[in-house]
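Reading the structure
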Amino acid sequence: MCDINRLENQARLLEPNETERSQLIDCVVSYANDYLNNIKNTPVYNHNNSKSSSIQDLPIRDEAININDAISLLRDCVDSVGINPTSGRFLGYIPGGGIFHSALGDYLAAVTNRYAGVFFASPGAVRIENSVIRWIANSIGFPEQSAGNLTSGGSIANLTAIVCARDACRFSIRELHRYAAYTTEQVHHSINKAFHVAGIGQSVLRKIPVDSCCRMDSHALSRQIASDKKAGLIPWLVVASAGTTNSGAVDPLNDIADIASANGLWFHVDGAYGGLFKLCPEAQSVLKGIERADSLVVDPHKTLFLPYGTGAVIVRDREHLFRSFSASADYMESILDDVDDINELSPADLSPELTRHFRGLRIWLPLKVLGTQPFRSALSEKIRLARYFYEKILKIEGFETGPYPDLSIVTFRYIPKSGSADKFNKRLVSSIQKNGRIFISSTRINANVVLRLAILCFRTHIAEVDEALEILTKTVKKLEASGN
Ligand SMILES: *Cc1c(COP(=O)(O)O)cnc(C)c1O
């Protein structure tokens, strides 16, 4: 008995009382406020990672430490080392989000811990998840019989879609080598990973050539499908990018949709970066045809400014998604009979996951409390900032640009007065990154080193873009003066 009482006393530490809760919250809120109040001036990158090792020097033990000590560790070892994706001056790769309202959604989801996997367990949580999916589907222009799932990110969303496409096309593993899918060199590597994980990595994945704007050449796609058919292959899938990670190029979705439908191919669109730009008028023409996809991936932790951990997959015909992922084989034949309300399918029947974070709340709360307009405006603003940067950098002597931006990524490079442009641009990007005031990244297009400026953080406004222009100009001058 004594033992149980002693254990109870220790176990009760897991349940702080209201006073203790307030103290804990005060510490956390005060740190978060400090963080947010200083974000305008904190470096966007700190390449010295030596401090982060203190985490390992202080391993987890039976003894507790004070919350303030834990927060200090966070401040010194985590939040001031490496890349800061919450900064408006972060213009590299694909910038991150982190809107405050989502943090509050996560807080409530963790405190109430509703079971969002199964309708029976939490009809309300599942309805929230499904209403977020419905909103995304409607925004894209998908029909009522579409369904989807909130995932941890774009990679798992792509995997979910590829598995669904594989099953819907009755892909025969025995004839693996005859199945041909089509995409471009610019496709995100999570598609290759998805093929591998889905067990079809040995099938044919054709990389269709791209045009001068890095978009899939749809005529080349038609020709390749025709010649593959002639050769006895089975064309089954085309994967288009609605905004490549590399340059932001959008494949000609409407033309590809025509070709897919004429040839009976599943049409998957990876819109992890670009798909949600469908929310703003500036992207309507470039994204035309996205609504014809059989499956679509979007990433709210990119293009809705959410903190990391939320992607989404939408499948045009919900029955396909259900058939691939519903848990019980008995359900397969009679999806419509077994589910009381077809609009409230359980996430567990539409994805590989069962128990999962109630991730719908971190999207639903900001969308409801702020309304959708600020999101639409922010997306319009990002596209217009990219166009603004494109026009401005063209006017600075020595710079040349890639194609006019389809969305919010601009590619460009500096041609030095003498010497190798590749070497110069590598030095330019590394010097800018080390300086830590802005962060841009580089890539290769047609074998050339090019710089890329990606505008997607909700904190990036015209002042940040002007500062990037100023730093680029200054750094080029400095490097040219030092005999580069
Ligand atoms: C980011 C990205 C992915 C992968 O998404 P994660 O959320 O990082 O898993 C897939 N495709 C494209 C085009 C992306 O930009």
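Residues numbered from 1 in each chain as written. Predicted model: local features only at pLDDT ≥ 70, side-chain atom pairs only at ≥ 80, totals over all residues. Heavy atoms only, no water.

**Things to note about helix 4 (residues 67-78)**
Formally: Under the DSSP-based scheme used, a helix requires at least four consecutive residues in state H or I and a strand at least two consecutive residues in state E, with every element numbered from the N terminus. Here, expected helix span is obtained from the residue count minus one, scaled by 1.5 Å. Each residue gets one of three labels from its accessible area relative to the maximum for its type: buried under 20%, exposed over 50%, partly exposed in between, using a 1.4 Å probe on protein chains only. Each C-beta atom gives one direction from the helix axis, and the arc is the one those directions make. By definition, residues are in contact when any of their heavy atoms lie within 4.5 Å. Here a polar contact means two N or O atoms within 3.5 Å. Within protein one must be a hydrogen donor candidate and the other an acceptor candidate, and residues neighboring in sequence count only if both atoms are side-chain atoms.
Counted at 1.5 Å a residue, the expected span for helix 4 with its 12 residues is 16 Å, and the 15 Å between its end C-alpha atoms agrees. Listed as buried for helix 4 are Ile71, Leu73 and Cys77. Buried residues of helix 4 fall within an arc of 155° about the axis and therefore sit on the same side. The elements touched by buried residues of helix 4 are helix 2 (18-38) and helix 3 (54-57). Between the side-chain oxygen of the N-cap and the backbone nitrogen of Asn68 there are 2.6 Å, and the N-cap of helix 4 in question is Asn66.

**A few points about the site of the ligand**
Counted only if it meets this: Proximity criterion: a residue is near a molecule or strand once any of its heavy atoms comes within 4 Å of it. Areas reported as accessible are Shrake-Rupley estimates using a 1.4 Å probe. Residue values count occlusion only from the protein chains shown.
Taken together, 14 residues lie around the ligand, and Gly154, Ser155, Asp270, Asp299 and Lys302 are the ones closest in. Contact distances for the ligand include 2.6 Å between an oxygen atom and a side-chain N or O atom of Asp299. Protein coverage of the free-state accessible area of the ligand, which is 380 Å², stands at 85%. Where the shell around the ligand is concerned, the elements lending two or more residues are helix 7 (154-168) and helix 11 (300-303).

**Notes on the sheet that holds strand 11 (residues 409-414)**
How we decide: Two strands are said to pair when DSSP picks up at least two bridges between them. What counts as an axis is a line fitted to C-alpha atoms, over the stretch in contact for a helix, and the angles between N-to-C directions run from 0 to 180 degrees.
The strand order across the open sheet built from 4 strands is 10-11-13-12, with neighbouring strands paired in antiparallel fashion. Of all the strands in the sheet, just strand 10 (399-401) and strand 12 (441-445) have a single pairing partner and so form its edges. Strand-to-strand twist of the sheet, defined as the mean angle between neighbouring strand axes without regard to direction, takes the value 40°. For strand 12 and strand 13 (residues 448-454), the ladder comprises 5 bridges, and the chain directions are antiparallel. Bridged to Arg444 within strand 13 is Val449. The sheet strands contacting helix 15 (residues 373-395) are strand 10, strand 11 and strand 13, and the helix crosses strand 11 at an angle near 15°. In the packing of helix 17 (residues 462-481) onto the sheet, the strands contacted are strand 10, strand 11 and strand 13, and the crossing angle to strand 11 comes to about 20°.

**Re the confidence of the model for the protein chain**
As a general rule, the predicted coordinates of low-pLDDT regions are not to be interpreted in detail. So the rule is basically this: Note: pLDDT gives the predictor's confidence per residue, expressed from 0 to 100.
A residue-level look at the protein chain finds 96% of positions with pLDDT of 70 or above and a mean pLDDT of 95. The low-confidence segment residues 331-336, where pLDDT is below 50, has 10 contacts with residues more than four positions distant or belonging to other chains.

**Digging into the pairing of strand 13**
For strand 13, the buried fraction is high: 6 of the 7 residues fall into the buried class. Here strand 11 runs beside strand 13; their pairing, made up of 4 bridges, is antiparallel. Bridging across to strand 13, Val410 finds its partner in Leu453. Counting the residues that bridge the hairpin from strand 12 to strand 13 gives 2 residues, and of these Asn446 lies at a positive phi of roughly 50°.

**Re a nonpolar patch on the surface**
In plain terms, the rule: Patch definition: residues with relative accessible area over 30% and no salt bridge; like charges joined within 9 Å; nonpolar side chains (Val, Leu, Ile, Met, Phe, Trp, Tyr) joined within 5 Å. Salt bridges are defined as contacts in which a side-chain nitrogen from Lys or Arg sits within 4 Å of a carboxyl oxygen from Asp or Glu.
Residues Ile25, Val29, Tyr107, Leu108 and Val111 make up a contiguous nonpolar surface patch of about 430 Å² in total accessible area. Looking at the nonpolar patch, the elements that each hand over two or more residues are helix 2 and helix 5 (100-112). For Ile25, a relative accessible area of 34% gives the class partly exposed.

**With respect to the sheet that holds strand 7 (residues 266-271)**
Pairing between the strands of a sheet is mediated by backbone hydrogen bonds and can be parallel or antiparallel. Pairing within the open sheet is mixed, and its 7 strands lie in the order 3-9-8-7-6-4-5. Edge positions in the sheet fall to strand 3 (147-151) and strand 5 (204-208), since each has one partner strand and no second. The sheet shows a mean angle of 20° between the axes of neighbouring strands, direction not considered. Pairing analysis gives 4 bridges linking strand 7 to strand 8 (residues 295-298), with the strands arranged parallel. Directly across from Asp270, in strand 8, lies its bridge partner Val297. Across the sheet, helix 7 touches strand 3, strand 6 (234-241), strand 7, strand 8 and strand 9 (311-315), and the angle it forms with strand 7 is around 180°.

**Regarding helix 8 (residues 189-197)**
Because an α-helix completes one turn every 3.6 residues, residues spaced three or four positions apart along the sequence face the same direction. Taken together, the buried positions of helix 8 are occupied by Ser190, Ile191, Ala194 and Phe195. All buried residues of helix 8 lie within an arc of 145° about the axis, which places them on one face of the element. For helix 8, the exposed residues lying more than 90 degrees away from the buried face are His189, Lys193, His196 and Val197. Elements in contact with the buried residues of helix 8: helix 7, strand 4 (179-184), strand 5, strand 6 and strand 7. Downstream of helix 8 by one or two residues, Gly199 has phi in the positive range, about 80°.

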